[in-house]
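A look at the structure
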Protein chains: 2
Amino acid sequence: MLIKERHELDEFFNPRSIAVVGASPDPTKAGYHFFRGLVELKFDGDIYPINLNGSDVLGFKGYRNLRDVPAPIDYVIIAIPAYEVPKIIEDCVAKGVKVVHIFTSGFSETGRADRIKLESQIIEIARKGNVHIIGPNCMGIYHPKIGLSNFGVFSSKENGSVGFVSQSGGNTGDFARMGLVRGLRFSKLVSYGNASDLNGSDFMEYFAWDSETKIICAYIEGVKDGRRFVKVLKEAARLKPVIILKGGLTEAGTRAVSSHTGVLAGSDAVWNALFHQTGAIQVGSLREMIDLALAFSHMSCPKGRRVGIVGIGGGASVAAADFCEKAGLVVPRFMEDTIKGLEKITPVAGTGVKNPVDSPVGRRVAIPEYEKTLKLVVSDPQINFLFAHLTIDWRIHTPEDIKNLKDLTDALIHINKSLGTPVAAILRSSLSLHSWQVFLEEQNRCLEGGIPVYLTLEDAAKAVSKLIQYYEFRERVT
Amino acid sequence: MLIKERHELDEFFNPRSIAVVGASPDPTKAGYHFFRGLVELKFDGDIYPINLNGSDVLGFKGYRNLRDVPAPIDYVIIAIPAYEVPKIIEDCVAKGVKVVHIFTSGFSETGRADRIKLESQIIEIARKGNVHIIGPNCMGIYHPKIGLSNFGVFSSKENGSVGFVSQSGGNTGDFARMGLVRGLRFSKLVSYGNASDLNGSDFMEYFAWDSETKIICAYIEGVKDGRRFVKVLKEAARLKPVIILKGGLTEAGTRAVSSHTGVLAGSDAVWNALFHQTGAIQVGSLREMIDLALAFSHMSCPKGRRVGIVGIGGGASVAAADFCEKAGLVVPRFMEDTIKGLEKITPVAGTGVKNPVDSPVGRRVAIPEYEKTLKLVVSDPQINFLFAHLTIDWRIHTPEDIKNLKDLTDALIHINKSLGTPVAAILRSSLSLHSWQVFLEEQNRCLEGGIPVYLTLEDAAKAVSKLIQYYEFRERVT
């Protein structure tokens with residue numbers, strides 16, 4: 001499957017024309033926002049608003065019915081009440097539409113017999129006409145590169161290598177928005193809800209095939225065809241990192257799953273075995289998923305688990321060492337030569353030189369000393385990679401402070417580029433508005449310099465440990 | 001000890017005059033920043049810069065020597081090289097100073113015989129003259145109410161009920177800065193470093209006694225007199241919540257501790273037993289400490305562990321249920337009457353009504369429906385408290401969106417005030433600068449309305465579970 005030249009889902013992700021059924025000029029309607037998303041991102045193709053009055057929307061000519069559109073339509077978004085959906089699917093069949101994204105909810109996920117039947121009815125109609133369905137009860141496809149953006153989540157066509165497959169629409173938007181702020185760039189995202197036709201296995205298979213996607217993230221609540229899912233996941237994880245957040249691992253979570261997307265959640269033990277067997281990597285939250293995707297996007301894999309930590313402040317260094325060991329990393333004592341070298345450039349006072357290096361201290365840091373410190377640490381044969389910890393709030397009071405901070409991150413970027421040792425930066429911020437503004441600026445500079453940035457050392461340690469775990473797995477299976 | 005009228009440490013926290021030895025006009029010197037902190041916060045008393053040239057600092061008359069100051073000095077901050085400290089302590093003895101905060105490091109924490117001896121020498125001189133020492137190698141006392149602020153961490157004398165005892169100076173600043181942003185207000189903070197004279201037990205005892213402090217937070221790396229520490233902790237935790245972050249629980253962390261403050265860290269098992277025995281509450285990070293202190297500051301204790309969750313987005317609701325159960329909370333199914341009531345006001349589509357309530361949906365929420373939803377949930381006899389989850393980023397595109405968000409938080413504040421059910425809000429933000437600005441505004445409105453605000457449901461669940469755990473403990477022991 002994975003080596004074939006064409007994947008049938010690829011054309012669903014690359015429509016040349018889109019109609020939004022339920023798009024009206026009324027901004028309280030979801031259909032308006034789906035349409036607006038396409039307009040704002042200048043979708044690379046034709047778009048058509050369809051509504052009861054045939055009203056124009058945002059300057060685009062409106063139609064009363066899909067069949068009235070005088071051109072082929074590849075992709076249809078449906079945002080109208082559930083009971084009106086079957087009729088629209090019939091129109092889609094008549095029009096030769098390839099794929100329909102049904103945003104509308106109120107189908108099988110309610111658990112009601114009449115609504116389950118309604119969903120079956122839709123599928124029956126669609127299958128007759130070779131129309132595929134994404135959903136219902138979902139946000140459909142985001143493909144920023146071509147300007148397919150739901151609800152205006154993306155503000156530019158800037159794209160990247162992270163894909164996201166999700167049973168939840170809300171999580172898809174959250175992941176995209178939070179990920180963008182932290183520096184992730186996306187190939188394609190898809191929220192598939194009730195999976196009445198196209199399901200998690202289909203999308204996972206497509207993302208494994210898709211050359212634009214280098215890292216696959218997924219939010220899964222449950223699967224209907226376990227055997228196929230395991231097979232697809234196994235193949236995907238051998239090709240690229242697959243990071244999974246499993247929703248519904250507790251009793252309450254499982255109950256919430258059933259009223260959310262109406263699938264069986266599966267036990268914790270079953271999923272643990274699945275992660276172990278396939279090499280897919282489990283995370284506990286969207287934030288952890290973003291942290292890990294950042295590591296895969298921006299960091300080469302360290303040759304081992306031994307980290308050198310250059311931090312500032314003894315308390316922070318102690319916590320750093322704790323968090324690293326808990327995450328399964330090793331914080332080795334430096335070689336004697338490194339310690340001697342560090343002692344020469346750092347004052348005796350207030351500085352640990354054994355690892356972590358609690359140095360140099362003070363509000364302004366002398367850059368040559370900082371550079372020497374970094375160089376000594378990454379050159380130590382005990383060390384596979386570097387965590388550099390900087391406190392934003394110490395350096396934002398004057399323009400000179402901020403200049404010093406920039407010089408420090410420049411030194412990090414330089415060491416990363418010149419010596420090739422993997423580096424992650426931890427920029428600690430109080431989250432005051434000013435501090436956060438500076439964080440975002442420095443984060444973006446680090447990312448451009450090839451260094452992923454974390455909010456806490458705990459986050460960095462978890463992410464890099466799982467990065468290494470994945471490459472260890474890959475080495476075993478290939 | 002705890003019922004006595006006066007605690008001897010109280011005068012150390014309330015000096016009427018302060019001299020900073022090492023305060024000079026040079027902003028690259030730590031002494032300058034200690035002095036500036038006092039000036040900026042308008043310390044309620046006299047302040048004197050002491051430096052080699054007797055230079056004035058920031059308009060305040062400078063002196064060459066403490067003994068030259070023509071008035072009594074209660075509190076001295078020392079920020080000069082280690083080898084010059086003993087002479088200054090002699091001056092302090094001569095001047096009748098009550099307490100000296102030694103910022104300078106390079107003493108016993110280095111592990112060097114000559115430096116250990118230097119620290120002993122200082123203590124010997126101080127004890128002869130009945131001068132007490134905080135440190136060395138620490139940030140000393142912060143008491144915002146009287147304007148005693150190190151390094152300008154506080155920008156106003158606004159104060160509150162949270163105290164912090166810390167072996168680490170860096171953590172003290174981080175905790176204060178991060179806590180302020182999140183809405184904590186502080187009684188007193190102290191960083192005591194090497195604890196050569198006054199130690200963690202002394203400060204814990206004082207904070208237990210201090211009526212300004214209602215919640216005690218502590219960062220501890222290790223203790224020298226375990227038996228006394230346990231006794232003091234036990235008494236403190238019976239009087240007020242004591243939240244402890246223990247640094248150095250892993251091998252690497254322990255090694256970092258010894259080069260940070262030179263004490264024995266103690267094993268994980270020993271500390272677990274200590275938490276169990278005393279009722280002090282363990283947290284894993286400063287962020288978790290802030291989350292928990294917020295719950296104690298802003299929330300009455302729920303009568304049980306059963307939470308009603310009103311969220312938006314099915315994926316978020318599933319994660320919510322998972323996180324609550326993992327944290328030891330219970331997410332019960334609502335009573336049939338509640339479910340029926342919710343079904344009447346929420347559309348069938350896209351909404352769970354069993355708990356969590358995935359409702360109401362849409363960019364703009366109808367406020368009367370939201371209020372009815374909240375009322376039904378908190379009135380359910382199954383429910384002890386409420387988590388309300390709102391996504392900031394859905395409501396920041398237009399002024400009307402932001403108005404709707406404000407109306408939603410107003411509804412939360414109203415339900416909290418009118419029905420008395422404990423409420424915590426989870427305001428989900430992408431952390432984009434605009435989203436974060438709106439978060440901070442809404443957070444502050446919620447806090448004023450008596451509702452603690454969390455960044456994620458996981459954080460909220462952990463905090464409230466530990467809040468309940470503490471009150472359960474208090475009920476058992478009293």
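Structure first, text after, so check above.
Throughout what follows, the structure given in this document is the object of discussion. (Residues numbered from 1 in each chain as written. Chains lettered and ligands numbered in written order. Predicted model: local features only at pLDDT ≥ 70, side-chain atom pairs only at ≥ 80, totals over all residues. Heavy atoms only, no water.)

So, about the overall build of chain A. Counting its secondary structure elements, chain A contains 16 helices and 16 strands. Its C-alpha atoms give chain A a radius of gyration of 25 Å, near enough to 23 Å, the size a compact globule of 478 residues would have. Considering only C-alpha atoms, chain A reaches an extent of 80 × 50 × 45 Å along its principal axes. Expressed as a percentage of the 478 residues in chain A, the buried residues total 63%. Nonlocal contacts in chain A, meaning residues at least 24 apart in sequence, comprise 75% of its contacts between residues at least 6 apart. Summing over all exposed atoms, chain A offers an accessible surface of approximately 17200 Å²; the carbon and sulfur share of this is 52%. For chain A, the centre of its 56 positive side-chain charges and the centre of its 53 negative side-chain charges are spaced 2 Å apart. (Helix = DSSP H or I, 4+ residues; strand = E, 2+ residues; numbered from the N terminus. Rg over C-alpha atoms; globule rule 2.2 N^0.38 Å. Buried < 20%, exposed > 50% of the residue type's maximum accessible area, 1.4 Å probe, protein only. Contact = heavy atoms within 4.5 Å. Areas by Shrake-Rupley, 256 points an atom, 1.4 Å probe, with all protein chains shown as cover. Lys, Arg positive; Asp, Glu negative; His and termini not counted. Charge placed at Lys NZ, Arg CZ, Asp CG, Glu CD.)

Moving on to the packing of helix H3 (residues 85-95) of chain B against helix H4 (residues 113-128) of chain B. Residues and elements named next belong to chain B. Following both chains from N to C, one finds H3 and H4 inclined at 10°, their axes separated by 9 Å at the closest point. Comparing their axes, H4 and H3 come out roughly parallel. Here H3 contributes Val85, Pro86, Ile89, Glu90 and Val93 to the contact with H4, which in turn contributes Leu118, Gln121, Ile122, Ile125 and Ala126. Tallied by class, the residues present in the contact of H3 with H4 amount to eight nonpolar, one polar and one charged. (Axes fitted to C-alpha atoms, helices over the stretch in contact; angles between N-to-C directions. Parallel < 35°, antiparallel > 145°, perpendicular 65-115°, else oblique. Nonpolar A, V, L, I, M, F, W, Y, C, P; charged D, E, K, R; others polar.)

In the structure shown here, the tally under the stated rule is three cavities of 30 Å³ or more. Within this model, the largest cavity holds a volume of roughly 100 Å³. Considered class by class, the residues forming the lining of the largest cavity number four nonpolar, five polar and two charged. (1 Å grid on protein atoms, 1.4 Å probe; cavity = no way out; pocket = protein on both sides within 12 Å on 5 of 7 lines; lining within 4 Å. Points joined across faces, edges and corners; volume = space filled by probe spheres on them.)

Attention now goes to the packing of aromatic side chains. Under the defined criterion, the tally for this structure stands at 46 aromatic pairs over all chains. Ring geometry for B:Tyr206 and B:Phe207: centres 5.8 Å apart, planes at 75°, overall edge-to-face. The class of B:Phe207 is buried, set by a relative accessible area of 0%. Of the aromatic side chains, those joined through ring pairs into one cluster are A:Phe13, A:Tyr192, A:Phe203, A:Tyr206, A:Phe207 and A:Trp209. (Phe/Tyr/Trp six-rings, centres within 6.5 Å; stacked < 30°, edge-to-face > 60°.)

The next thing to look at is the packing of helix H13 (residues 367-379) of chain B against helix H14 (residues 399-419) of chain B. Residue and element names in this part refer to chain B. As a packed pair, H13 and H14 sit with axes 10 Å apart at the nearest point and diverge in direction by 30°. On the basis of their axis angle, the class for H13 and H14 is roughly parallel. Seen along the crossing, H13 lies across H14 with a hand that is right-handed. Between H13 and H14, the contacting residues are Ile367, Tyr370, Glu371, Leu374, Lys375, Val378 and Ser379 on the first element and Asn404, Asp407, Leu408, Ala411, Leu412, Ile415 and Leu419 on the second. In terms of residue class, the contact of H13 with H14 is built from nine nonpolar, two polar and three charged. (Left-handed = near helix turned anticlockwise from the far one by under 90°.)

Right, let's talk about helix H2 (residues 30-40) of chain B for a bit. Residue and element names in this part refer to chain B. Of all 11 residues in H2, eight are buried, a share of seventy percent or more. Among all positions of H2, only Gly31, Tyr32, His33, Phe34, Phe35, Arg36, Gly37 and Leu38 are buried. Within two residues after H2, Lys42 carries a phi angle of roughly 50°, on the positive side.

Fair warning: the whole summary comes from geometry, so function is off the table for now.
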